[in-house]
Amino acid sequence: MRRYIMKVGLCQMKVQEEKKKNLLKAKQLINEASELGADIIILPEMFNCPYDNTFFEEYSENEKNSKTLKFISNIAQEISKYIIAGSIPENEDGKVYNTSYAFDREGNIIAKHRKVHLFDIDVKGGVTFKESDVLSRGNEYTVFETEYCKIGLQICYDIRFPELSRLMVEEGAKLIITPASFNMTTGPAHWKDLFKVRALDNQVYTLGCSGALNKEASYNSYGHSIIVSPWGDIINNLEFEEGIIIEEIDLDKINEIREQLPLLKHRRLDLYGVVDKRD
Ligand SMILES: O=C(O)CCC(=O)C(=O)O
C-alpha cells in the first residue's frame, strides 16, 4: 500500500553579521533543498541576524514592510514549496519579538510564532544569555495546517517546556518544527535528548533546524540539526558545519506506533491535564 510521505529539508546555515549575506545564503540553501525534492524547507532561529542582544533591535523588521519576509515569500512562490522561515527579530508597537513565520507554496504567511519562553540562563563556566533584556515574549502556541498534516511550530528554548509540545499535539500536530540555535554548553548536554524525549512523549516527529557553528560570532551555535522519529530514533543529524538534511517523513508511522504503544490513550486525564489558558 502507498505510504503517506512528505519530504523535508533542513538548512543549517552559518549566520553572519551582514543581513544581506544571510538572505542570499538562505536563498542558496533553500534552492538546493528544493532541487533535492524537499516540500517543506526550514531555516534556523535568527537566520537573518547574529544571535546577540546588541543586534536584535537594529535588525528588527515590522511584518507590514519587512524586506526579509517579502524576500522569503517570493522564493516560496517561485519554487512552490512551504518555507518555515526560522526566526527573525520582529518589531511591533515598540516591542521586539523572536518570531518564526511559515509560508505556503503561494508565498502567503500561514502561521506566525513568537517565542513564548525567553532564553535567560546563566550557567557557571558556560553560557550566559538574557533575551528578556531586549525581547518580549509571545503569548500563543502555534499549529498550522498543510496538505500533509498539522504542524506545530516553536522556537529553540520553547522545546524545554513539555506542556507547549503537548498542547500542539492535542491540537493535532504530527510534526513539531523547532528552529533553534543551542550553544556549546547546553548543546552537547541536552540538544539530542530534548528532541528525542519530545518525540517519544508525544509520538510525533521532532525537527530541529539550527544555525551552523560560526567561531567568529559572539554566540557559538551548536549546529547538529536533527530529525527524530515518533519511535525516538534519530533519523538524521548534522554536525557543526553548514549543510542540508533532506529526509522523507513517513506520516503513517505515527498512527502505527500509536496503535502499538497507545501512550496518549493511556494518559490519566482524570488525574492530570494540560490546560490552554489563552484568552
Ligand atoms: O535551551 C537552550 O539550552 C538553548 C536555548 C537557546 O539558545 C535559545 O532559546 O535561543
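Treat the numbers as computed from the prediction; the structure is a model and nothing was measured.

**Considerations on the packing of helix α4 (residues 162-170) against helix α5 (residues 186-202)**
Move 1: Contact geometry for α4 and α5: axes closest at 10 Å, N-to-C directions at 40°. Judged on the interaxial angle alone, α5 and α4 are oblique. At the point where α4 passes α5, the crossing takes the right-handed sense. Residues Pro162, Ser165, Arg166 and Val169 of α4 pack against Arg198, Asp201 and Asn202 of α5.
Move 2: Classifying every residue of the contact of α4 with α5 by side-chain character gives two nonpolar, two polar and three charged.

**A look at the sheet that holds strand β1 (residues 5-12)**
Move 1: The strand order β5-β4-β3-β2-β1-β14 describes an open sheet built from six strands, whose pairing is mixed. Each having just a single partner strand, β5 (109-114) and β14 (243-250) make up the two edges of the open sheet. Neighbour-to-neighbour, the strand axes of this sheet turn through a mean angle of 25°, independent of strand direction.
Move 2: Looking at chain direction, β1 and strand β2 (residues 40-42) are connected through three bridges and run parallel. When the bridges of β2 are listed, glycine 9 appears paired with isoleucine 41.

**Concerning the UniProt feature "domain: CN hydrolase" (unreviewed entry) in the protein**
Move 1: UniProt records the feature "domain: CN hydrolase" (unreviewed entry) at residues 6-251, using the numbering of this structure.
Move 2: End C-alpha atoms of residues 6-251 are separated by 7 Å, and the span's content is 26% helix alongside 32% strand.

**Observations concerning the site of the ligand**
Move 1: Taken together, Glu45, Tyr51, Lys115, Phe119, Cys156, Tyr157, Arg160, Ser181, Phe182, Thr186 and Tyr219 make up the full set of residues near the ligand.
Move 2: Within the backbone of tyrosine 157, one N or O atom sits 3.0 Å away from an oxygen atom of the ligand.
Move 3: In this structure, an oxygen atom belonging to the ligand sits 2.6 Å away from a side-chain N or O atom of arginine 160.
Move 4: For the ligand, whose accessible area on its own is 290 Å², the fraction buried by protein is 100%.
Move 5: Classifying every residue of the shell around the ligand by side-chain character gives six nonpolar, two polar and three charged.

**What about the packing of aromatic side chains?**
Move 1: Across all of its chains, the model carries eleven aromatic pairs by this definition.
Move 2: Their ring planes at 80° and their centres at 5.5 Å tell us that phenylalanine 129 and tyrosine 219 sit as a pair that is edge-to-face. Linking phenylalanine 129 in strand β7 (residues 128-130) with tyrosine 219 in the loop between β11 (205-210) and β12 (226-228), this pair joins segments that are 90 residues apart in sequence.
Move 3: For tyrosine 219, a relative accessible area of 9% corresponds to the buried category.
Move 4: The lysine or arginine in question, arginine 114, covers the ring of tyrosine 97, its NZ or CZ lying 3.7 Å from the ring centre.
Move 5: Positioned over the ring face of tyrosine 141 is arginine 278, at 3.9 Å from the centre of the ring.

Cut-off values and rules
- Residues numbered from 1 in each chain as written.
- Predicted model: local features only at pLDDT ≥ 70, side-chain atom pairs only at ≥ 80, totals over all residues.
- Heavy atoms only, no water.
- Axes fitted to C-alpha atoms, helices over the stretch in contact; angles between N-to-C directions.
- Helix = DSSP H or I, 4+ residues; strand = E, 2+ residues; numbered from the N terminus.
- Parallel < 35°, antiparallel > 145°, perpendicular 65-115°, else oblique.
- Left-handed = near helix turned anticlockwise from the far one by under 90°.
- Contact = heavy atoms within 4.5 Å.
- Nonpolar A, V, L, I, M, F, W, Y, C, P; charged D, E, K, R; others polar.
- Pairing = 2+ DSSP bridges.
- UniProt positions renumbered as here; feature names shortened; annotations may be inferred.
- Near = heavy atom within 4 Å.
- Polar contact = N/O pair within 3.5 Å; in protein donor to acceptor, adjacent residues only side chain to side chain.
- Areas by Shrake-Rupley, 256 points an atom, 1.4 Å probe, with all protein chains shown as cover.
- Phe/Tyr/Trp six-rings, centres within 6.5 Å; stacked < 30°, edge-to-face > 60°.
- Buried < 20%, exposed > 50% of the residue type's maximum accessible area, 1.4 Å probe, protein only.
- Lys NZ or Arg CZ within 6 Å of the ring centre and 35° of its normal.

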